[in-house]
Structures are given as C-alpha cells and as structure tokens.
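Each chain, letter by letter, is given below.
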Amino acid sequence: MLNNKINYDMNLSNLKPAVGATKTRKRVGRGSGSGLGGTSTRGHKGAKSRSGYSRKIGFEGGQMPLQRRVPKFGFKNINRVEYKAINLDTLQKLAEAKNLTKIGINDFIEAGFISSNQLVKILGNGSLTNKIDVEANAFSKSAVAAIESLGGNAVKL
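Residues numbered from 1 in each chain as written. Predicted model: local features only at pLDDT ≥ 70, side-chain atom pairs only at ≥ 80, totals over all residues. Heavy atoms only, no water.

The name given to the chain in an unreviewed UniProt entry is Large ribosomal subunit protein uL15, and the organism recorded there is Bacteroides sedimenti. Per UniProt, the comment on the chain under Subunit (unreviewed entry) is "Part of the 50S ribosomal subunit." According to its UniProt record, the chain has this under Sequence similarities (unreviewed entry): "Belongs to the universal ribosomal protein uL15 family." (UniProt positions renumbered as here; feature names shortened; annotations may be inferred.)

A. Geometry of the nonpolar core. Counting residues in each nonpolar core, the largest one holds 18 residues, and the members touching the most others are Leu91, Phe108, Val120 and Ile122. Listed by contribution, the elements that provide at least two residues to this core are α2 (88-98), α3 (105-111), β3 (119-123), β4 (133-136) and α4 (141-149). Top element by residues in this core is α2. It accounts for four residues. In this structure, Val120 is in contact with Tyr83, Lys84, Ile86, Ile105, Phe108, Ile114, Ala136, Asn137 and Ala138, ignoring residues within four places of it in sequence. (Core = buried A, V, L, I, M, F, W, Y, C linked by side-chain atoms within 4.5 Å. Buried < 20%, exposed > 50% of the residue type's maximum accessible area, 1.4 Å probe, protein only. Helix = DSSP H or I, 4+ residues; strand = E, 2+ residues; numbered from the N terminus. Contact = heavy atoms within 4.5 Å.)

B. Up close: the UniProt feature "domain: Large ribosomal subunit protein uL15/eL18" (unreviewed entry) in the chain. Residues annotated by UniProt as "domain: Large ribosomal subunit protein uL15/eL18" (unreviewed entry) correspond here to residues 86-154. Between the C-alpha atoms that bound residues 86-154 there is a distance of 14 Å. The span itself is 39% helix and 23% strand.

C. Focus on unusual backbone geometry. Phi at Thr41 takes a positive value of approximately 65°, unusual for a residue other than glycine. The phi angle at Asn99 is positive, at roughly 55°, despite the residue not being glycine. Looking at where Asn99 falls in the secondary structure, it is placed in the loop between α2 and β2 (102-103).

D. Just the sheet that holds strand β1 (residues 83-87), in detail. Strand order in this open sheet of three strands is β1-β3-β5, and the pairing throughout is parallel. If you trace the sheet from one side to the other, it starts and ends with β1 and β5 (138-139), each paired once. Across five bridges, β1 lies against β3 in parallel orientation. The residue bridging Tyr83 from the neighbouring strand is Leu119, located in β3. The strands that α2 touches are β1 and β3; relative to β1, the one it contacts most, it runs at about 70°. (Pairing = 2+ DSSP bridges. Axes fitted to C-alpha atoms, helices over the stretch in contact; angles between N-to-C directions.)

E. Geometry of the environment of Ile122. Inspection of the secondary structure puts Ile122 in strand β3. Exposure remark for Ile122: the relative accessible area of 0% places this residue in the buried category. Taking the C-alpha atoms as reference, Ile122 lies 8.8 Å from Leu91; in sequence the two are 31 residues apart.

Encoded structure:
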C-alpha cells in the first residue's frame, strides 16, 4: 500500500514540466464565448484602447513626470578645456626609463599616458633630479619652477 506510484522509464517522449510550472497564454479577441472577446481586455474608448497606441517614455498618466518634478542644478561650461594631468615624478620615471632629456607630446602618447587628441598639463607633484626640457599644453607654476630650477625648459605649446 505504501508504494502506489507507477514507475515509468524516463525518456524524451514522456518528459513533462512540473505541475504548476506552465500556464496557458491568454488568447484575447477570440469571440464573446471566450470571455475575452469584444474589447479584448482593453476597456472602452481612450488612447489605450486604440491600435497603434504607444505611451511616451516617462509618461505618468498626466501626473507631473519624475524628470520634471526633480529640481535641476548646476551647468556645464561648453568652453571648458580638459587637460590630462601628469606630475613631475611621472616625468622623472619616463626620463629615466627611456633615457630622455627632452620630453614632448609624442613621448606621452608612446608611453600610453594620453591619446593623440588629449591636452597635457604638467603639475608640480613630486620632484625632478635630472635636467629635462618639457613640451606640454599647460604648466602649473610649481611645475615650471621645479623644471627651471634644474636648468630645464618648460615650453608651452
């Protein structure tokens, strides 16, 4: 009495999903006898009942949308010039690694510090031990002072 289950050999012909794992699809617009005919669950009138209706992104049923409710602040300066910052200690390491006395934009590109369309600004963090001539788009005052104190040149492009 305990073992009243029928044992089947499992093969591809008798595989089934678990009970409750699958649902039948709701088939709307198949006649009034189905209970889902007539308006096909769309209700009466209004934009949502029409064919071709698609809601605007962010539309909240006439309520003020979130992107208009949230306050805006700040601005983006269209004239801002973005520089890639390179410190003096990085210049020192690059000069030692490649045995350079003059460092230009092409050296930064070859070393992988910048891409070809970026601008470079030399900042005064770190220290130099060798005399180096540096070409860059901008320099900080402390960087210029450090470069020129060793007899090097800071050339602004």
